[in-house]
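So the chains spell out like this:
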Amino acid sequence: MDELTTRVRAFAEERDWQQFHTPKNLAMALAGEVGELLAEFQWLTPEQAAAVMDDPEAGGRVEAEIGDVMIYLTRLADVLGIDLSEAALTKLDEVAARYPVAEARGSAAKR
C-alpha cells in the first residue's frame, strides 16, 4: 500500500493536481468510478457476472475500473491522512465482532 500511495501522490504532484484533490472532489470521483464498475455488471446474470473475467474484453474493462477505484480510494485516504490498510483491518475486526461465525455462517441477515 505504501508504494501505491507514494506513486499516486507523486502522480498528482507532478501534474500540480493537489489543488483539485479535495476530499469532496476525490469522493465524488471515487463514486463515479464505482458507478463505471457497476455498469460493467448491470445487465449480467449472476452466472455471467461470476464468469466476467473469462472474457478478455469484459474482464479488461472490469480490471481497469477496479484500478480506477483503487487509485481514487488510495488518494482520498492519503489526502485525509488515513492509513487505508489499518482502516480496512479495523473495520474487518468490527464486522467480525458484529457477525460471529457461529451466528452468521450462511446468513445474509444484517445486524
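Scroll up to find the structure.
Residues numbered from 1 in each chain as written. Predicted model: local features only at pLDDT ≥ 70, side-chain atom pairs only at ≥ 80, totals over all residues. Heavy atoms only, no water.

Asker: Could you give an account of the overall build of the protein chain, naming the residues involved and the relevant values?
Answerer: When you go through the protein chain residue by residue, the secondary structure sums to six helices and zero strands. Reading the protein chain from its N end, one meets helices and strands in the order α-α-α-α-α-α. For a compact globule of 111 residues, the expected C-alpha radius of gyration is about 13 Å, and the protein chain comes in at 17 Å, more than 25% above that figure. Out of the 111 residues in the protein chain, the part that is buried amounts to 21%. (Helix = DSSP H or I, 4+ residues; strand = E, 2+ residues; numbered from the N terminus. Rg over C-alpha atoms; globule rule 2.2 N^0.38 Å. Buried < 20%, exposed > 50% of the residue type's maximum accessible area, 1.4 Å probe, protein only.)

Asker: Can you explain the pattern of salt bridges? Please cite residues and give values.
Answerer: If you walk through the whole model with that rule in mind, you get five salt bridges. For the salt bridge of Glu14 with Arg15, the shortest nitrogen-to-oxygen distance reads 3.3 Å. The class of Arg15 is partly exposed, set by a relative accessible area of 37%. One salt bridge in this structure joins Glu40 and Arg61, with 2.8 Å as the shortest N-O distance. In this pair, Glu40 sits in helix H2 (residues 23-41) while Arg61 sits in helix H4 (residues 56-80), placing the two residues 21 residues apart along the sequence. The network of salt bridges with shared partners includes Arg9, Arg75 and Asp78. (Salt bridge = Lys/Arg side-chain N within 4 Å of Asp/Glu carboxyl O.)

Asker: Just give me the short version of a nonpolar patch on the surface, but keep the residues and values in it.
Answerer: A grouping of Phe11, Trp17 and Phe20 is seen on the molecular surface, where their side chains present a nonpolar patch of about 310 Å² in accessible area. You can see Phe11 is positioned in helix H1 (residues 2-14). Relative accessible area serves as the criterion here: at 40%, Phe11 is assigned to the partly exposed category. (Patch = residues over 30% accessible without salt bridge, like charges linked within 9 Å, V, L, I, M, F, W, Y side chains within 5 Å. Areas by Shrake-Rupley, 256 points an atom, 1.4 Å probe, with all protein chains shown as cover.)

Distances and angles like these do not, on their own, reveal function.
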